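Descriptive structure summary
Take a look at the letters that make up each chain.
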Amino acid sequence: MIISAVPRRYAQALLMIAVENEAIEQYETELNQFRRALLANPSIEELLKDARVAPEKKKRAVDFLIEDFASPLVRNFLYLLIDKKREKYVLEVVAAYQKYADEARNIIEAEVWSVVELTSKDRRDIKQKLTRLTGKKIRLHNHIEPSLLGGIKIKVGDLVIDSSVTKKLAFLKEHVKETRFKEIGVKK
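These lines cover the structure that appears in this document, whether it is placed above or below. (Residues numbered from 1 in each chain as written. Predicted model: local features only at pLDDT ≥ 70, side-chain atom pairs only at ≥ 80, totals over all residues. Heavy atoms only, no water.)

**Concerning the packing of helix H3 (residues 42-49) against helix H4 (residues 55-66)**
Where H3 contacts H4, the two axes come as close as 10 Å, and the packing angle between them is 150°. Classified by the angle their axes make, H3 and H4 are roughly antiparallel. The handedness of the crossing between H3 and H4 comes out as left-handed. Here H3 contributes Ile-44, Leu-47 and Leu-48 to the contact with H4, which in turn contributes Lys-57, Lys-58, Ala-61, Val-62, Phe-64 and Leu-65. (Axes fitted to C-alpha atoms, helices over the stretch in contact; angles between N-to-C directions. Helix = DSSP H or I, 4+ residues; strand = E, 2+ residues; numbered from the N terminus. Parallel < 35°, antiparallel > 145°, perpendicular 65-115°, else oblique. Left-handed = near helix turned anticlockwise from the far one by under 90°. Contact = heavy atoms within 4.5 Å.)

The following block contains the structure:
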């Protein structure tokens, strides 16, 4: 997901405050709870995006969603987005904050595709190997992909490691095509 400049700036500003307050995880949790509540209430999401709705009404809608869990700072941050007419970016801001919070904690996302669900031992082993490779803590996401036939495919940042049977068969097919029959003793 590409995040535009406006959400990035707001997320970076909130992260700077979070670092000062030693509340990176707290704000992240509160923002994710807000995101889930907002997505569960599409009418409020539409209300926030509607430029014709008064800011005070939008703030009351935000209060309705966050009254049970948000700190005053996160509430005021969401109000700031409304006051600056940036509420349409709120979900992107949450995503950007998650990304920057992960960077601050030295965490990177890893996507793993496999034919079947990875066992907890497999997950642990893959995480350890990727941690050694990247020098970062790994948050692993396993995706089931029956078309791989076997093996796994891993994506960490820009790095892709494909040790699937499908990839190996494709490589073998190309290798066989390139082999000259004379070299292996076959006469035409």
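**Some words on the nonpolar core**
Grouped together as the largest cluster of nonpolar side chains are 35 residues, with contacts concentrated most on Phe-34, Leu-78 and Tyr-97. Sorting the residues of this core by element identifies helix H1 (5-20), helix H2 (24-40), H3, H4, helix H5 (72-83) and helix H6 (90-104) as the ones contributing at least two each. The biggest single contributor to this core is H6, with 7 residues. With sequence-adjacent residues up to four places away left out, Phe-34 is seen in contact with Leu-48, Val-62, Leu-65, Ile-66, Phe-69, Leu-78 and Val-90. (Core = buried A, V, L, I, M, F, W, Y, C linked by side-chain atoms within 4.5 Å. Buried < 20%, exposed > 50% of the residue type's maximum accessible area, 1.4 Å probe, protein only.)

**Focus: the side chain of Glu-28**
Here Glu-28 is to be found in helix H2. With relative accessibility at 10%, the residue Glu-28 sits in the buried group. Those residues in contact with Glu-28 that sit more than four places away from it in its chain are Tyr-97, Gln-98, Ala-101, Asp-102 and Arg-105.

**Some remarks on the packing of aromatic side chains**
What the rule picks out here adds up to 0 aromatic pairs. A cation over an aromatic ring shows up here: Lys-153 above the ring of Trp-113, its NZ or CZ 5.3 Å from the ring centre. (Phe/Tyr/Trp six-rings, centres within 6.5 Å; stacked < 30°, edge-to-face > 60°. Lys NZ or Arg CZ within 6 Å of the ring centre and 35° of its normal.)

**Considering the side chain of Asp-102**
The topology assignment puts Asp-102 in helix H6. In this structure the side chain of Asp-102 is engaged in a polar contact, spanning 2.7 Å, whose partner is the side chain of Arg-105. Excluding its chain neighbours within four sequence positions, the residues that come into contact with Asp-102 are Glu-28, Ile-107, Glu-109 and Arg-139. (Polar contact = N/O pair within 3.5 Å; in protein donor to acceptor, adjacent residues only side chain to side chain.)

**Comments concerning unusual backbone geometry**
At Glu-22, a residue that is not glycine, the phi angle is positive and equals roughly 50°. Examined against the element boundaries, Glu-22 turns out to sit in the loop between H1 and H2. In this structure, Lys-85 takes a positive phi of about 60° despite not being glycine. For Lys-85, the location among the structural elements is in the loop between H5 and H6.

**Thoughts on H3**
Three or more residues of H3 are buried, namely Ile-44, Glu-45, Leu-47 and Leu-48. Burial along H3 is one-sided: seen end-on, the buried residues are contained in an arc of 160°. For H3, the exposed residues lying more than 90 degrees away from the buried face are Ser-43 and Glu-46. Each element contacted by the buried residues of H3 is listed here: H2, H4, H5 and H6. (Arc of directions from axis to C-beta.)

**Some thoughts on the sheet that holds strand E1 (residues 107-114)**
In any sheet, the strands associate via hydrogen bonds between backbone groups, in a parallel or an antiparallel arrangement. With respect to topology, 4 strands assemble into an open sheet ordered E2-E1-E3-E4, the strand pairing being mixed. Each of the sheet's edge strands pairs with one partner strand only, and the pair in question is strand E2 (137-144) and strand E4 (159-162). Within this sheet the neighbouring strands show an average axis-to-axis angle of 15°, counted without direction. Alignment of E1 against E2, held across 8 bridges, turns out to be parallel. What sits directly across from Ile-107, in E2, is Lys-137. Along the sheet, helix H7 (residues 120-134) contacts E1, E2, strand E3 (152-156) and E4; its crossing angle with E2, the most-contacted strand, is approximately 130°. (Pairing = 2+ DSSP bridges.)

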